[in-house]
Amino acid sequence: MAKKSIEAKRLNAFAMDPETIVVVEDEKHPLYDERIKNPPSESMIRNVMRYGVLQPVRVRKDGERVELIMGRLRVLAAREANKRLRDAGQDPIQVPVMVYRAATDADYTAVSIAENEQRRDDAPEVKARKCGRLLQLGYDNESVAEVFGVSAQTVRNWQAFLDLDPKVQASVDDGSITFSSAVALARLARVEQVAALDAA
């Protein structure tokens, strides 16, 4: 017998102080997620300080209590960003929120898991090319790092990829070699890069 799809209704987004959003820490609670133990990265916090939280988080209402379903890192990053913004005499940010309604606790848990399982990150070579476009448009390395929420070293790796011989780049695109293996060739002249690729 086919499973009935979860019926849910999303409302328009509104903004909330991240401190007022309940991030569940009780392991027995249906909305608990082990990733609560993983703090947001420094680069993500800096990204949120500069741009705010761009993608709404999902919550459910339990009386006056607003419980987080999806978006733990975004909320935690916003909390830390606000501490730093206040210390610097700047206005804190709010988090865009959408209320999600489901029939049962099991449905809320399933939706939380599904959202993370469906999320697919861009491959490093795709991010490298996006990085290149931003650099061409006048962004500096620090600004690019903040846009992507990554370290300056990651941006340097992306730049190294963009400087590789096109044949080496194409080998990453088709899966012949890994991104990190290709970047390791960047210290070589392009002729040597291709020779090393052919010898692999």
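All values reported here derive from a predicted model rather than from experimental measurement.

Trainee: Tell me about the overall build of the protein, and please be specific about residues and values.
Mentor: Secondary structure summary: the protein contains 9 helices and 5 strands in total. For the protein, the N- to C-terminal ordering of α and β elements is β-β-α-β-β-α-β-α-α-α-α-α-α-α. Taking all 200 residues of the protein together, 40% fall into the buried category. Looking at the protein alone, contacts between residues at least 24 apart form 68% of all its contacts between residues at least 6 apart. By element, 50% of the accessible surface of the protein is carried by carbon and sulfur atoms, the whole surface being about 12,000 Å². Looking at charge distribution, the protein has the averaged site of its 30 positive side-chain charges lying 3 Å from that of its 31 negative ones.

Trainee: Hey, could you go over the packing of aromatic side chains for me, with residue numbers and the actual values?
Mentor: Per the stated rule, a full pass over the model turns up 2 aromatic pairs. Residues Phe 148 and Trp 158 carry aromatic rings whose centres are separated by 4.7 Å and whose planes lie at 70 degrees to one another, so their mutual orientation is edge-to-face. Pair noted here: Phe 148 is in helix H5 (residues 141-148) and Trp 158 is in helix H6 (residues 152-162), with a separation of 10 residues, a long-range link. Judged by its relative accessible area of 25%, Phe 148 is partly exposed. Overall, the relative accessible area of 3% leaves Trp 158 in the buried class. Here Phe 161 and Phe 179 contribute two aromatic rings whose centre-to-centre distance is 5.2 Å and whose plane-to-plane angle is 35 degrees, an arrangement assigned as tilted. Linking Phe 161 in helix H6 with Phe 179 in helix H8 (residues 179-184), this pair joins segments that are 18 residues apart in sequence. Overall, the relative accessible area of 0% leaves Phe 161 in the buried class.

Trainee: So what's going on with the confidence of the model for the protein? Residues and values would help.
Mentor: In this model, the protein carries a mean pLDDT of 86, and residues with pLDDT of at least 70 account for 92%. Put simply, strand E1 (residues 9-10) is where the protein has its lowest mean pLDDT, 46, and helix H2 (residues 72-87) is where it has its highest, 96.

Trainee: Outline the side chain of Asp 165, supporting the account with residue identities and numerical values.
Mentor: Of note, Asp 165 is situated in the loop between H6 and helix H7 (166-173). Polar contacts involving the side chain of Asp 165 include one to the main-chain amide nitrogen of Lys 167, which spans 2.8 Å. With residues up to four places along the chain from it excluded, the contact list for Asp 165 reads Arg 190, Gln 193 and Val 194.

Trainee: Can you tell me about the pattern of salt bridges, naming the residues and giving the values?
Mentor: On inspection of all chains with the given rule, the structure shows 12 salt bridges. Measuring nitrogen to oxygen at the nearest pair gives 3.8 Å for the salt bridge that ties Asp 33 to Arg 72. Linking Asp 33 in the loop between strand E2 (14-16) and helix H1 (42-51) with Arg 72 in helix H2, this pair joins segments that are 39 residues apart in sequence. Each member of the pair, Asp 33 as well as Arg 72, carries the same accessibility label: buried. Close ionic contact of Arg 129 with Asp 173 constitutes a salt bridge, the shortest N to O distance being 3.0 Å. Placement of Arg 129 in helix H4 (residues 124-136) and of Asp 173 in helix H7 is noted, with a sequence separation of 44 residues between them. Judged by its relative accessible area of 29%, Arg 129 falls in the partly exposed class. In this structure Asp 173 comes out as partly exposed when scored by relative accessible area, which is 42%. When salt bridges that share partners are traced, they join Glu 42, Glu 80, Lys 83 and Arg 84 into one network.

Trainee: With reference to specific residues and values, describe H7.
Mentor: Among the residues making up H7, those that are buried are Val 168, Gln 169, Ser 171 and Val 172. Buried residues in H7, looked at end-on, bunch into an arc of 155 degrees, giving them a common side. With a side-chain oxygen lying 2.8 Å from the backbone nitrogen of Lys 167, the N-terminal cap of H7 falls on Asp 165.

Criteria and cut-off values
- Residues numbered from 1 in each chain as written.
- Predicted model: local features only at pLDDT ≥ 70, side-chain atom pairs only at ≥ 80, totals over all residues.
- Heavy atoms only, no water.
- Helix = DSSP H or I, 4+ residues; strand = E, 2+ residues; numbered from the N terminus.
- Buried < 20%, exposed > 50% of the residue type's maximum accessible area, 1.4 Å probe, protein only.
- Contact = heavy atoms within 4.5 Å.
- Areas by Shrake-Rupley, 256 points an atom, 1.4 Å probe, with all protein chains shown as cover.
- Lys, Arg positive; Asp, Glu negative; His and termini not counted.
- Charge placed at Lys NZ, Arg CZ, Asp CG, Glu CD.
- Phe/Tyr/Trp six-rings, centres within 6.5 Å; stacked < 30°, edge-to-face > 60°.
- pLDDT = per-residue confidence, 0-100.
- Polar contact = N/O pair within 3.5 Å; in protein donor to acceptor, adjacent residues only side chain to side chain.
- Salt bridge = Lys/Arg side-chain N within 4 Å of Asp/Glu carboxyl O.
- Arc of directions from axis to C-beta.

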